[in-house]
Amino acid sequence: MTSTTPVSSAAKPANSRGRVITASLIGTTIEFYDFYAYATAAVLVFPALFFPTGNETTALLASFATFGAAMLARPVGAVVFGHFGDKFGRKATLVASLLTMGIATFLIGVLPTYQSVGWLAALLLLVLRLAQGFALGGEWSGAALVATENAPAGKRALYGTFPQLGAPIGFIIANTLFLVINFTMPGEGGTASEAFLAWGWRIPFLFSAVMVIIGLWVRLKLVESDTFTKVEKTGAIKKFPLGATVRNHWRPLILGTFYMLATYVLFYLMTSFTLAYGTRPMTAPEGADAGSFVPGLGFAYVDFVLMQIIGVVFFGLCTLLSGPLADAIGRRKLLIGVTSAIIVFGLLFVVFLLPQGDEKFTGALVQAFLVFGFLLMGMTFGPMGALLPELFPTNVRYTGSAISYNVASILGAAVAPSIALWLWSVGKGNPWLVGVYLALAGVLTLIALIIGKETKDVDLDDDAAVSAAARR
């Protein structure tokens, strides 16, 4: 909706603080809930229901391959939604991305399995997974722009943390729901029950429809920010935002991608890989191929997810904490320190993640690992909600920030679970190579941060200043 009244510094904000926070938070919460529901099912049930190869590791790899395939669709979604978001406004684009994600997730909940339709089931799962990735490609950037373009002076990083909070909140909701379902239909010996495999796993996917309706109701109440309205009135809207972004803003596009690299690798190692590693038995089950079996830590699924949820609480708290810190000392200085800590953390995988003689001591080390890893995740993920939009002027801000964020998803997340599983196999169950992989991603991000410039004092309404800062 475009206002016809002049914009002034004393004018009432286009959107109230509560509306901005709720709209930016609830959409990403739903999006990440949908993604986590898939990530959990990719470990827990999809290998058996959609990829019954006869080899446990191969089935898990196939399941993770569909998980990673969604990341390939995300840059496509970034381009499409970014184009419409920069040409026609943030509101309608955000509604469309949320609706696409919700429909795809709901349909996953009604898919036939391999037993019913053979490999067609896996193909349909892949198509819907690509639709999820396509939708998420446009979701995050739009939510971040709603938060930052409506933020009060000096609080842009704080407001930028609200869409980031969708990640830990979505994780907690999705995994708590899986736990409740698991408790109500328990299996024997830590395995999924017949009822859970038959229909219980579908509930979290079907439940997403309720959350989407709530999210749509909130977002339909938004109006466009004064920042976008100003550009629209001055005729600065680009006919082809992607071309303008690549041609005139390639440097921040590349830097923004590498800013996100370590964040993404850490993100998916802490969620999908650790769940697979933590719940894999320490010895090959009876009848399994001992030669191809890769041992894990042997935790029961329920126990390990509860440990993850404890870690994710620190993820959420540190995401919120990172906003005021980034506003006070700058995004770059904070992220250089946090990324350095991520590199050290990667090199310490072998200290935390190897089974010890005492089972309780193993549990304590793993819980410490999860807390520390998710703590770092919050501190690195939080500032990105402000940093990436600050790299681009208003008329290409949706496209630029979305492409940086989602190309990083290919480099850092699409391949992360599969690479981690392969390195875990190469290490014969020792995850030290997985940690080295994280450390190397951290080095690349650190180099990008050192090359880049501080953006906290950039005025988002002054597009010339944003472009000049990006070129420095």
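The structure we're discussing is the one just above.
Everything numeric in this text was worked out from a predicted model, so none of it was measured.

Participant: Teacher, can you tell me more about the overall build of the protein chain here?
Facilitator: The helix and strand tally for the protein chain stands at 22 helices and 0 strands. Looking at the 472 residues of the protein chain, the share that counts as buried comes to 57%. Restricting to contacts in the protein chain with at least 6 residues of sequence separation, those with at least 24 account for 84%. In the form shown here, the protein chain has an accessible surface area of approximately 17800 Å², with 70% of it arising from carbon and sulfur atoms.

Participant: Just checking my understanding: could you explain the side chain of Glu149 for this structure?
Facilitator: Relative to the assigned elements, Glu149 resides in helix 6 (residues 120-149). Within polar-contact distance, the side chain of Glu149 engages the side chain of Arg90 at 2.8 Å. Excluding residues within four positions of it along the chain, Glu149 makes contact with Arg90, Ser225, Thr227, Phe228, Thr394, Arg397 and Leu460.

Participant: Please clarify how helix 19 (residues 394-414) should be interpreted in this entry.
Facilitator: Residues three or four positions apart in an α-helix share a direction because the helix packs 3.6 residues into each turn. Given a rise of 1.5 Å per residue, 21 residues ought to cover 30 Å, and the 29 Å separating the end C-alpha atoms of helix 19 matches this to within 8%. For helix 19, the buried fraction is high: 18 of the 21 residues fall into the buried class.

Participant: Hey, could you run me through helix 1 (residues 17-44) in this one?
Facilitator: With 28 residues, helix 1 extends 40 Å between its outermost C-alpha atoms, agreeing within 8% with the 40 Å of an ideal straight helix rising 1.5 Å per residue. In terms of burial, helix 1 is largely enclosed, as 21 of its 28 residues are buried.

Participant: Hey, could you run me through the packing of helix 6 against helix 19 in this one?
Facilitator: Helix packing for two helices is described by the angle between their axes and how far apart those axes are. Across the interface, helix 6 lies against helix 19 with an axial gap of 9 Å and an inter-helix angle of 130°. Accordingly, the angle class assigned to the pair helix 6 and helix 19 is oblique. The element helix 6 and its partner helix 19 pack so that their crossing is right-handed. Residues Leu136, Gly137, Gly138, Trp140, Ser141, Gly142, Leu145 and Glu149 of helix 6 touch helix 19, and the partners they reach there are Thr394, Arg397, Tyr398, Ser401, Ala402, Tyr405 and Asn406. For the contact of helix 6 with helix 19, a count of residues per class yields 6 nonpolar, 7 polar and 2 charged.

Calculation notes
Residues numbered from 1 in each chain as written. Predicted model: local features only at pLDDT ≥ 70, side-chain atom pairs only at ≥ 80, totals over all residues. Heavy atoms only, no water. Helix = DSSP H or I, 4+ residues; strand = E, 2+ residues; numbered from the N terminus. Buried < 20%, exposed > 50% of the residue type's maximum accessible area, 1.4 Å probe, protein only. Contact = heavy atoms within 4.5 Å. Areas by Shrake-Rupley, 256 points an atom, 1.4 Å probe, with all protein chains shown as cover. Polar contact = N/O pair within 3.5 Å; in protein donor to acceptor, adjacent residues only side chain to side chain. Expected span 1.5 Å × (residues − 1). Axes fitted to C-alpha atoms, helices over the stretch in contact; angles between N-to-C directions. Parallel < 35°, antiparallel > 145°, perpendicular 65-115°, else oblique. Left-handed = near helix turned anticlockwise from the far one by under 90°. Nonpolar A, V, L, I, M, F, W, Y, C, P; charged D, E, K, R; others polar.

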